[in-house]
Amino acid sequence: MGLSRDQEQRKVPLKHRSDEKRHEENERFEKLLNQLEEITTNGRLKDMAFHFTNKKEVIKVNLLAGLARGVGLTLGTAIFIGLLILILNQFLSLPLIGEHIASLLDMIDVYRQD
């Protein structure tokens, strides 16, 4: 993304050597940024073209992604509920809240035994 001719004419001249160095660094950074943008854009286009032309690959990738999401959601929910029950067990000693939590845990135990 270079400057237009009008912008180049209106640009304030560099006064110090440090400004020249900074200007060179900015130009180098812009070149690297342009290269990075080109690489990512081309890579994404190749990937999209491959997926749209090979339907088996699309089905395989989506199936694996769905399985991974399902397993992750199941494990995450199990861990969250386990931690919640562990934390609730710590509140059993409280007078009012403890009774409700104890009845909730009893219902869970009855459900497990059935």
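Residues numbered from 1 in each chain as written. Predicted model: local features only at pLDDT ≥ 70, side-chain atom pairs only at ≥ 80, totals over all residues. Heavy atoms only, no water.

Caption draft 1: Local environment of a negative patch on the surface. Among the surface-exposed residues, Glu-24, Glu-25, Glu-27 and Glu-30 lie close enough to one another that they form a single negatively charged patch. Within the secondary structure, Glu-24 is located in helix 2 (residues 17–53). (Patch = residues over 30% accessible without salt bridge, like charges linked within 9 Å, V, L, I, M, F, W, Y side chains within 5 Å. Areas by Shrake-Rupley, 256 points an atom, 1.4 Å probe, with all protein chains shown as cover. Salt bridge = Lys/Arg side-chain N within 4 Å of Asp/Glu carboxyl O. Lys, Arg positive; Asp, Glu negative; His and termini not counted. Charge placed at Lys NZ, Arg CZ, Asp CG, Glu CD. Helix = DSSP H or I, 4+ residues; strand = E, 2+ residues; numbered from the N terminus.)

Caption draft 2: Representation of helix 4 (residues 95–113). Here helix 4 is 19 residues long and its end C-alpha atoms lie 27 Å apart, about the 27 Å a rise of 1.5 Å per residue gives. Of all the residues in helix 4, the buried ones are Gly-98, Ile-101 and Leu-105. Summarising the axial view, the buried residues of helix 4 lie within an arc of 70°, below the 170-degree limit, and thus occupy one face. Exposed positions of helix 4 whose direction lies more than 90 degrees from the buried face are Leu-96, Glu-99, His-100, Met-107 and Tyr-111. On its buried side, helix 4 packs onto helix 3 (55–90). (Expected span 1.5 Å × (residues − 1). Buried < 20%, exposed > 50% of the residue type's maximum accessible area, 1.4 Å probe, protein only. Arc of directions from axis to C-beta. Contact = heavy atoms within 4.5 Å.)

Caption draft 3: Here's a closer look at a nonpolar patch on the surface. On the surface, Val-71, Leu-75, Ile-79, Leu-83 and Leu-86 cluster together into a nonpolar patch covering about 500 Å² of accessible area. Structurally, Leu-75 can be placed in helix 3. For Leu-75, a relative accessible area of 52% corresponds to the exposed category.

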